[in-house]
Amino acid sequence: MQFMTKSDYEFSRYLNTAGKKELSGIIRYFCAETPQEELSELAACANRLREKHYGRRVYFRGLIEFSSHCRKDCYYCGIRKSNFNARRYRLSEEEILSCCQNGYNLGFRTFVLQSGEDSYFTDERLCSLVAEIKQRFADCAVTLSVGERRSDSYKRLYDAGADRYLLRHETADVAHYDKLHPPMMSLENRKQCLYSLKEIGYQVGAGFMMESPFQTFDTLAEDLIFLRDLKPHMIGIGPFIPHMYTRFAGLDTPSSGRTVVMLSLIRIMLPKVLLPSTTALGTIDPQGREKGLKAGANVVMPNLSPVAYRSDYSLYDNKICTGEEAAECLHCLTNRIESAGFEPDFSRGDHVDLQKGGDLICG
Ligand code: SF4
């Protein structure tokens, strides 16, 4: 195929200028038709671009899942509001700070605070929490992943000290979005939240599920077009894994292949982006996280949440690393990453343009 005769730069430029039809064809080709040697060359191209900007470093983020309450009802999610089988928990501020202290002692310099959309966490409560973390751990970055809020709420949280915000768009195709979400949710609002976050000054993370129900090569092309327009600093993509208490229970869990291909295409399209190799990828494939890193990813997010609550933050079934203490989990993951030829890095791990003190130019 002609892509593999292009230079890395030419291939990147092509992905940044191709129309939806061409992108859909490229995705189809690499996901469904490519011989193994071309997949290896695709991953090699992604790796060269990752190495150019980030070397062999893999950034560690400490994930704290602090509340499993959610007012939303996304059809695919195990902790959605109408799953009455879900066990709900909410960590106290002291418990969250204790997770941070534990993570800090283990070397983490980024904390990712993630929850469902929990109305208990008003702006006042979240701002107070963020400010306290920043005061106690001044050399750390705080990433929030707490869903859709008003723009003025995002601004207050930013002013309180939050550095980054993760909000996956899940799919950039409106008809597809509407098949995965109830009518009161809209793709338009989701996208607007992401643009607001970026305008306020956050390092922003978007992303989508791979192989979700009703996904096509065309909807994936829409995802790439949205991402290259938004130019987020981080992109999280993970395989769709069905949860037993959702309408999608019983659907097949995908293999890791297509997620790995999309990680490479995203790295090539946006070479400087921070790209996690997700826990979901490690859940569907024992070597999944290593495969993700070898395909161009450069971030992992070990869990710092208290073990007693981990299995209750159940977005999908059979999630890994729910039983080990943070230190055990970390030891195992660090060894695996080194064995795969990468360098674990516990620094803040900002987007490369910010590491150099540059402006917020990303891509
Ligand atoms: S995906 Fe997020 S917003 Fe949707 S139900 Fe689950 S936790 Fe709530």
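This text follows the structure it describes.
Every chain is numbered on its own, with residues counted from 1 as its sequence reads. Under the rules for a predicted model, residues below a pLDDT of 70 receive no local features and side-chain atom pairs below 80 are neither given nor counted, while totals for whole chains, interfaces and linings still include all residues.

Trainee: I'd like a description of the overall build of the chain, backed by residues and values.
Mentor: Each helix corresponds to a stretch of at least 4 residues labelled H or I by DSSP, and each strand to a stretch of at least 2 residues labelled E; elements are numbered beginning at the N terminus. Counting secondary structure elements, the chain contains 15 helices and 9 strands. Seen along its three principal axes, the alpha-carbon backbone of the chain occupies a region of about 55 × 45 × 40 Å. In the chain, which comprises 363 residues, the share counted as buried stands at 47%. Of the contacts formed within the chain by residues at least 6 apart in sequence, a portion of 78% connects residues at least 24 apart. Residue burial is a threshold on neighbouring C-beta atoms within 10 Å of the residue's own C-beta, all placed from the backbone, with 20 or more meaning buried, 12 or fewer meaning exposed, and counts in between meaning partly exposed. This entry defines residue contacts through backbone-placed C-beta atoms, with two residues in contact when those atoms are within 7 Å.

Trainee: I'd like to hear about helix 4 (residues 93-106), residue by residue, with values.
Mentor: Each residue after the first adds 1.5 Å to the expected span of a helix. With 14 residues, helix 4 should cover 20 Å at 1.5 Å per step; its first-to-last C-alpha distance of 20 Å lies within 8% of that length. Taken residue by residue, helix 4 has Ile96, Cys99, Cys100 and Gly103 as its buried positions. Considered in projection along helix 4, the buried side chains sweep an arc of 100° and stay on one side of the axis. Turned more than 90 degrees away from the buried face of helix 4, the exposed residues are Glu94 and Asn105. Against the buried residues of helix 4 lie strand 2 (62-67), strand 3 (110-115), helix 5 (123-136) and helix 14 (326-339). Comment: arc refers to directions from the helix axis out to C-beta atoms.

Trainee: Give a description of the nonpolar core that names residues and reports values.
Mentor: Among the nonpolar cores identified, the biggest contains 98 residues, and Ile64, Tyr165 and Ile266 are the most heavily contacted of them. Of all the elements, helix 10 (residues 257-269) adds the most residues to this core, at 8 residues. Other than its neighbours up to four places away in sequence, Ile266 contacts Leu227, Ile235, Val273 and Leu275. Joining buried Ala, Val, Leu, Ile, Met, Phe, Trp, Tyr and Cys residues through C-beta atoms within 7 Å gives a set, and that set is a nonpolar core.

Trainee: Tell me what's going on with the sheet that holds strand 1 (residues 57-60), and back it up with residues and numbers.
Mentor: On the basis of which strands lie adjacent, the open sheet formed by 3 strands has the order 8-1-9 and parallel pairing. Only two strands of the sheet have a single neighbouring strand rather than two, namely strand 8 (299-300) and strand 9 (343-345). In the sheet, strand 1 pairs with strand 8 via 2 bridges, with the strands oriented parallel. Considered in strand 8, the bridge of Tyr59 is made with Val299. Paired strands, in this sense, are two strands between which DSSP finds at least two bridges.

Trainee: Mind laying out the pairing of strand 6 (residues 203-210), listing which residues take part and the relevant values?
Mentor: Where burial is concerned, most of strand 6 is hidden: 8 out of the 8 residues are buried. Judged from the 6 bridges that link them, strand 6 and strand 7 (residues 234-239) form a sheet pairing that is parallel. Counterpart to Phe208 in the pairing with strand 7 is Ile237. A crossover connection joins strand 6 to the parallel strand 7 through helix 9 (residues 217-230); in handedness this β-α-β unit is right-handed. Handedness is read with the strands pointing away from the viewer; a crossover is right-handed when the path from the first strand over the helix to the second is clockwise.

Trainee: Give me the lowdown on helix 6 (residues 151-160), citing residues and values where you can.
Mentor: The set of residues buried in helix 6 consists of Tyr154, Leu157 and Ala160. Here the buried residues of helix 6 occupy an arc of 120° about the axis, which is enough to place them on one side. Each element contacted by the buried residues of helix 6 is listed here: helix 5, strand 4 (141-145), strand 5 (164-166) and helix 8 (187-200). One or two steps after helix 6, the chain reaches Gly161, where phi turns positive at roughly 125°.

Trainee: An account of the packing of helix 4 against helix 14 is requested, with residue identities and associated values reported.
Mentor: Two quantities define a packed helix pair, namely the angle between the axes and the distance from one axis to the other. Packing of helix 4 against helix 14 leaves a shortest axis separation of 11 Å and a crossing angle of 35°. Our pair here, helix 4 against helix 14, has a crossing hand that is right-handed. Within the contact between the two elements, helix 4 uses Asn102, Gly103 and Leu106 and helix 14 uses Ala326, Ala327 and Leu330. Residues belonging to the contact of helix 4 with helix 14 are distributed by class as follows: 4 nonpolar, 2 polar and no charged. All axes here are fitted lines through C-alpha atoms, helices being fitted over the stretch that makes contact, and every angle between N-to-C directions spans 0 to 180 degrees. By convention the crossing between two helices is left-handed if the near helix lies anticlockwise of the far one by an angle smaller than a right angle, and right-handed if it lies clockwise. Each residue receives one of three labels: charged for Asp, Glu, Lys and Arg, nonpolar for Ala, Val, Leu, Ile, Met, Phe, Trp, Tyr, Cys and Pro, and polar for the others, Gly being one of them.

Trainee: Residue-level account of the packing of helix 2 (residues 20-33) against helix 10, with values.
Mentor: Contact geometry for helix 2 and helix 10: axes closest at 9 Å, N-to-C directions at 140°. Our classification of the angle between helix 2 and helix 10 gives oblique. Here helix 2 and helix 10 pass one another in a crossing that is right-handed. Where helix 2 abuts helix 10, its residues Ile27, Phe30 and Cys31 lie against Arg258, Val261 and Leu265. Here the residues of the contact of helix 2 with helix 10 sort into 5 nonpolar, no polar and 1 charged. For classification purposes, an angle smaller than 35 degrees is called roughly parallel, one larger than 145 roughly antiparallel, one from 65 to 115 roughly perpendicular, and anything else oblique.

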